[in-house]
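In case you want the letters, here they are:
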Amino acid sequence: MSKLQFNNSNNAFFLSLKSEVDHYFNSQGKKRTGDSRLFTKAAILLSSAIILYAVLITNILPGWAAWALSGLLGFVLASIGFCVMHDANHGSFSTSQKLNDLMGLISSNGLGANAYFWKQKHNIIHHTYTNVDGIDDDIAKSPIIRQCPTQKWVPAHRVQHLYLPLVYSMTSMFWIFIMDFTKYFSRRIYRTAAWKMSLTEHLIFWLTKVYYVSVFIAIPIIVLGWKPWLIGYLTMNAVMGLTLSFVFQLAHVLENTEFEHVPLDTSKHIETAWAEHQLRTTSNFAMKNKFVSWFSGGLNYQIEHHLFPRVSHVHYPAISEIVQRKCAEFHLPYNQYETATEALGSHFRFMRQLGAKP
Ligand SMILES: [Zn+2]
């Protein structure tokens, strides 16, 4: 991986912001981790997933209802990813690290993905080198799709805005069956060497895959038959993949966000401080929409999340007022779209622009 460093010599913005955010938590006597709002949400989402699975596997519903419930299960699983997995793996679900690890395991590996790789890919690589082409694994889907101007263009990209939903709908299956195994066998996360795995981590990896194939593939095929299973399984994954992709893509791959590029095997210095880089590469959406904020685990407040990744998402609306004020004071951008539809429009327009021959 290239040695990439930020110029943190002028860190006045972040120091000033951090001191006000610290003051907010101290004066209110609040912990930065999750509270009853998050624990209630986790209980609702996890029990909903179990109930939906149980209803589907008992095969008591007519086909159309089972199909609709499979889609709903996909949506609930994506929401578990945003609200429980994301917070727990960042260590912001609870003050207890053991509970964070347990919830991370339940909500990542329970969905068939590997928490160990996610923590390095997301917490370290994506959160430090956001939108840096060549390092950030979140924008490394080339040549299938071209997500920033420095990536290689191929003629198929001309219509990438049209086949984008198909690619996104396969995200969860791609993650579980291809990306995890690629990381496991190559020992790399895109261009970064993966953390060394202990024997326990190897065991967890394989047991997770066996569990996933049993619960989401083998048992439903035996009980329901392969055809109903296939329809339900593809529907669940399509809804899950689309939901996961849109929420993550609407944070960074938009008309109002910036990108950096790091050529292979060279060092580069980014002339902005880390916090300013986060502001320039990240955008919020639908901040006033309570439903979006609830199901997306506060990922519509992506700016606050990138500046304070170890603060639980339940606090983002409150600290967002401080962040906006500080951005205005230091003349820094605070990118946001009023609604999810506006952000979605921007994402598709941007992907269409990137698809035109450079
Ligand atoms: Zn994160």
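All values derive from a computational prediction rather than experimental measurement.

Caption draft 1: Quick peek at the packing of helix α2 (residues 36–57) against helix α3 (residues 63–90). Two numbers describe how α2 lies on α3: the axes approach to 9 Å, and their chain directions differ by 150 degrees. As the angle between them shows, α2 and α3 are arranged roughly antiparallel. As α2 packs across α3, the resulting crossing turns out to be left-handed. Counted together, L38, K41, A42, L45, L46, S48, A49, L52, V55 and L56 of α2 and A66, L69, S70, L72, L73, V76, L77, S79, I80, C83, V84 and D87 of α3 form the full contact between these two elements. Class assignment of the residues belonging to the contact of α2 with α3 gives a composition of 17 nonpolar, three polar and two charged.

Caption draft 2: Quick peek at a nonpolar patch on the surface. The grouping of I144, F174, F177, I178 and V213 at the surface amounts to a nonpolar patch, some 390 Å² of accessible area in total. Broken down by element, the nonpolar patch gets its largest block of residues, three residues, from helix α7 (residues 171–186). For V213, a relative accessible area of 36% puts it in the partly exposed group.

Caption draft 3: Expanded view of the coordination of the zinc ion. Looking at the metal site, the zinc ion is ligated by H86 (NE2), H90 (NE2), H122 (NE2), H127 (NE2) and H305 (NE2), spaced 2.0 to 2.2 Å from it. Between consecutive donor residues of the zinc ion, the sequence gaps follow H-x3-H-x31-H-x4-H-x177-H. Residue H90 is found in helix α3, and its partner H122 is found in helix α5 (residues 115–128); the two are separated by 32 residues along the sequence. Residue H122 is classed as buried on the basis of its relative accessible area of 0%.

Caption draft 4: Geometry of unusual backbone geometry. Here S142 and P143 are connected by a cis peptide whose omega angle stands at 5 degrees. Examined against the element boundaries, P143 turns out to sit in the loop between β2 (132–133) and α6 (160–169). Although it is not a glycine, Y190 sits at a positive phi angle of roughly 60 degrees. One can find Y190 in the loop between β3 (188–189) and β4 (192–193). The backbone of A286 shows a phi angle near 45 degrees, a positive value even though the residue is not glycine. Summarising the element assignment, A286 is placed in the loop between β7 (284–285) and α11 (290–295).

Caption draft 5: The packing of helix α1 (residues 12–28) against helix α13 (residues 316–329), seen in detail. Relative to each other, α1 and α13 sit at 150 degrees, their axes nearing to 10 Å. Considering the angle they form, α1 stands roughly antiparallel to α13. Crossing angle aside, the handedness with which α1 passes α13 is right-handed. Within the contact between the two elements, α1 uses F13, S16, L17, E20, V21, Y24 and F25 and α13 uses A318, I319, I322, V323, R325, K326 and C327. Residue composition of the contact of α1 with α13, by class: 10 nonpolar, one polar and three charged.

Criteria and cut-off values
- Residue numbers here run from 1 along each chain, matching the order of that chain's written sequence.
- pLDDT decides what is reported in this predicted model: residues at 70 or higher carry local features, side-chain atom pairs at 80 or more are listed and counted, and totals for whole chains, interfaces and linings draw on all residues regardless.
- Side-chain numbers come from the whole structure's heavy atoms, not from hydrogens or water.
- All axes are obtained by fitting lines to C-alpha atoms, using only the stretch in contact for helices, and the reported angles, taken between N-to-C directions, cover 0 to 180 degrees.
- For helices the rule is a DSSP run of H or I covering at least 4 residues; for strands it is a run of E covering at least 2, with both sets numbered from the N terminus onward.
- Here is the rule for angles: anything less than 35 degrees is roughly parallel, anything more than 145 is roughly antiparallel, 65 through 115 is roughly perpendicular, and the remaining ranges are oblique.
- Handedness of a crossing follows from how the near helix is turned relative to the far one, being left-handed for an anticlockwise turn of less than a right angle and right-handed for a clockwise one.
- Here a residue-residue contact requires only that any non-hydrogen atoms of the pair lie within 4.5 Å.
- Under this grouping Gly is polar, as are all residues other than the nonpolar Ala, Val, Leu, Ile, Met, Phe, Trp, Tyr, Cys and Pro and the charged Asp, Glu, Lys and Arg.
- Candidates for patches are residues over 30% relative accessible area with no salt bridge; among them, like charges are joined within 9 Å and nonpolar side chains (Val, Leu, Ile, Met, Phe, Trp, Tyr) within 5 Å.
- Computed with a 1.4 Å probe, the accessible areas rest on the Shrake-Rupley method; for each residue, only the protein chains presented here act as cover.
- By salt bridge we mean one thing: a side-chain nitrogen of Lys or Arg within 4 Å of a carboxyl oxygen of Asp or Glu.
- Each residue's exposure class comes from its accessible area (1.4 Å probe, protein chains only) as a fraction of the maximum for that residue type: buried when under 20%, exposed when over 50%, partly exposed otherwise.
- For Na, K and Ca the donor cutoff is 3.2 Å, while for all other metals N, O and S atoms must lie within 2.8 Å; water is not among the atoms, so some sites may look incomplete.

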